Amino acid sequence: MIETVIIKNSGHLKQVAEKIYEGERLTFQDGISLYNTDNLSLLASLALFAKQRISGNKVFFNRNFHIEPTNICVFGCKFCSYKRKKGDKDAWDFDIPAMLDICRKYIGKGITEVHIVGGVHPHKDLHFYGELIREIRNILPDVHIKGFTAVELDYMIRKAGYGIEQGLKILKDYGLNSIPGGGAEIFNEDIRRKICGDKAPSQIWLQIHESAHNAGLPSNASMLYGHVESYEHRIEHLDILRQLQDKTGGFNAFIPLKYKNINNSMSSIGEISTAEVMKNFAVCRLYLDNIAHIKSYWPMLGKNTAQMALNFGADDVDGTIDDSTKIYSMAGSEETSPSMTVPEMINFISSAGFTPVERDSLYNLRF
Ligand code: V47
Ligand code: SF4
């Protein structure tokens, strides 16, 4: 086998590769060995093997748009290029009618998902966002509403005076369908303190996702990497997610979010290389053996890098977006107005050598 040739003489890595071919779970040390190799062709071949076992040659996409209600935020994450203070010239703070006007543009356009993520506004509570959800449902009755990072949820639920479980149930009753993966950053508390010390601790993020899964709200998970963390911190993060997934099974997809360094207070830290991004995709695919889908998020990575990641274990590219998100263009993404039509999406995936498959938000095939 070609893999045997590539990994001969590489000690522990050979055992790790054998475990992967046997479908055995990797240990912490196995994960570190994978991060420590620069043999990208081996990582690609292992990650592709693991990806194909789950989703064959398929790569998934959906038809979606985002609503970013506000970029005003009570927190001050050092990596954030997006947050503004009330009154800043490039701050925005949409009321419900303005957000419903955005939704009306999509009536009859075949959109299946709206993704809602923004800043943590000091004055808006669960009922504000609940009303938004209810009104969106009136305009786009069949759309899947995926909304609010655990950090936003924690704040809006507490502001309305509820506990986590009760708050999530109320949001579900308003019509929320699932929760996106943001706000996880890095679970290691020392690193978290350095990059986003004032926001919800890891335990809260995990508690919200666990409670959401128990309440029948699936979610995604993410990891913000490529800043001041080590490989050990990344494996620790993946390990915590893997344990929670063993318990609940509620994560649909994992999104590795590469730190983008433009216009934020950690800008002096350079961005990691594309080779490191590929390595990270491969290790995440291999370590997270119980999360089905790994997302290559093209508005952040740029189209070329996002395509490349499909050869390193990713099997999802998110959606059509329609120029509705600013988080990554404000942080320096080359995709300054991210938008793809369905034919472009299909070509984007097939030209990388994979079979494009349109999915809904729960990974049911659409056609
Ligand atoms: O929580 C912010 C990250 C997240 C930067 O669930 C940054 O399908 C890199 O939730 N460099 C929000 N990352 C985005 C998010 C998301 C994105 C795509 C798909 C899904 C999904 C969810 O963006 C934040 C934070 O972790 N982020 N600033 C930055 N400079
Ligand atoms: Fe606020 Fe989110 Fe930016 Fe942190 S990443 S400052 S929580 S908008």
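Attention here is on the structure that accompanies the text. Since the structure is predicted, the reported quantities are computational estimates derived from the model, not experimental observations.

Here we look at the overall build of the chain
- Helix and strand counts for the chain stand at 15 helices and nine strands.
- In summary, the chain has a C-alpha radius of gyration of 20 Å against a globular reference of 21 Å for 367 residues, a match within 12%.
- With the principal axes as the frame, the chain shows a C-alpha extent of 65 × 45 × 40 Å.
- Put simply, the chain has 367 residues, and 59% of those count as buried.
- A separation of at least 24 residues holds for 76% of the contacts in the chain among residues at least 6 apart in sequence.
- Accessible surface, the chain as shown: approximately 14500 Å² in total, 51% of it carbon and sulfur.
- A distance of 1 Å separates the average location of the 41 positive side-chain charges in the chain from that of its 44 negative side-chain charges.

As for the site of ligand 2
- Around ligand 2, the neighbouring residues are Cys73, Phe75, Cys77, Phe79, Cys80, Tyr82, Lys83, Gly119 and Lys199.
- Tallied by class, residues from the shell around ligand 2 come to six nonpolar, one polar and two charged.

Notes on the nonpolar core
- Core analysis: the largest hydrophobic core is formed by 114 residues, its most contacted members being Leu34, Ile136, Leu153, Trp205, Leu238 and Phe254.
- For this core, the leading source of residues is helix α12 (residues 274-287), giving eight residues.
- Apart from the residues lying within four places of it in its own chain, the contact partners of Ile136 are Ile67, Leu100, Cys103, Val114, Ile116, Val143 and Ile145.

Notes on the environment of Lys14
- Considering the arrangement of structural elements, one finds Lys14 in helix α2 (residues 12-22).
- For Lys14, a relative accessible area of 30% translates into the label partly exposed.
- Remark: the alpha-carbon pair of Lys14 and His209, spanning 195 residues in sequence, is separated by 35 Å.

Some remarks on the pattern of salt bridges
- Applying the stated criterion across every chain yields a total of 24 salt bridges.
- With its nearest N and O atoms 2.6 Å apart, the salt bridge here joins Asp93 to Lys124. Note that Asp93 is positioned in the loop between β2 (64-67) and α5 (96-104) and Lys124 in the loop between β3 (113-116) and α6 (126-139), a separation of 31 residues in sequence.
- Since its relative accessible area comes to 36%, Asp93 is described here as partly exposed.
- The partner of Asp190 in a salt bridge is Arg193, with the nearest N and O atoms 2.7 Å apart. One end of the pair, Asp190, and the other, Arg193, are both in helix α9 (residues 189-196), three residues apart, so they sit about a helical turn from each other.
- Given a relative accessible area of 46%, Asp190 falls into the partly exposed group.

Observations concerning the sheet that holds strand β4 (residues 144-147)
- One open sheet holds the three strands; their spatial order is β2-β3-β4, and the pairing between them is parallel. This sheet does not close on itself; its edge strands, each paired only once, are β2 and β4. Averaged over all pairs of adjacent strands, the angle between their axes in this sheet comes to 20 degrees, without regard to strand direction.
- The sheet contact formed by β3 and β4 spans four bridges and is parallel. Its bridge partner being in β4, Glu113 is matched across the sheet by His144.

Things to note about the sheet that holds strand β7 (residues 293-294)
- Within the open sheet, the three strands sit side by side as β5-β6-β7. Their pairing is parallel. Strands with a single pairing partner mark the edges of an open sheet, and in this sheet they are β5 (219-225) and β7.
- Taken together, the two bridges between strand β6 (residues 251-258) and β7 define a ladder with parallel strand orientation. The residue bridging Phe254 from the neighbouring strand is Ile294, located in β7.

A short note on the pairing of β6
- With eight of eight residues buried, β6 is to be regarded as a mostly interior element.
- In this view, the connection linking β6 to its parallel neighbour β7 by way of α12 has right-handed handedness.

Details of the environment of Lys58
- Tracing the sequence through the fold places Lys58 in strand β1 (residues 58-62).
- Classification of Lys58 by relative accessible area gives partly exposed; the value is 32%.
- For Lys58, the residues in contact, after removing those within four places along its chain, are Lys51, Asp315, Thr355, Val357 and Leu365.

Parameters and conventions
- Residues numbered from 1 in each chain as written.
- Chains lettered and ligands numbered in written order.
- Predicted model: local features only at pLDDT ≥ 70, side-chain atom pairs only at ≥ 80, totals over all residues.
- Heavy atoms only, no water.
- Helix = DSSP H or I, 4+ residues; strand = E, 2+ residues; numbered from the N terminus.
- Rg over C-alpha atoms; globule rule 2.2 N^0.38 Å.
- Buried < 20%, exposed > 50% of the residue type's maximum accessible area, 1.4 Å probe, protein only.
- Contact = heavy atoms within 4.5 Å.
- Areas by Shrake-Rupley, 256 points an atom, 1.4 Å probe, with all protein chains shown as cover.
- Lys, Arg positive; Asp, Glu negative; His and termini not counted.
- Charge placed at Lys NZ, Arg CZ, Asp CG, Glu CD.
- Near = heavy atom within 4 Å.
- Nonpolar A, V, L, I, M, F, W, Y, C, P; charged D, E, K, R; others polar.
- Core = buried A, V, L, I, M, F, W, Y, C linked by side-chain atoms within 4.5 Å.
- Salt bridge = Lys/Arg side-chain N within 4 Å of Asp/Glu carboxyl O.
- Pairing = 2+ DSSP bridges.
- Axes fitted to C-alpha atoms, helices over the stretch in contact; angles between N-to-C directions.
- Right-handed = clockwise from strand over helix to strand, strands pointing away.

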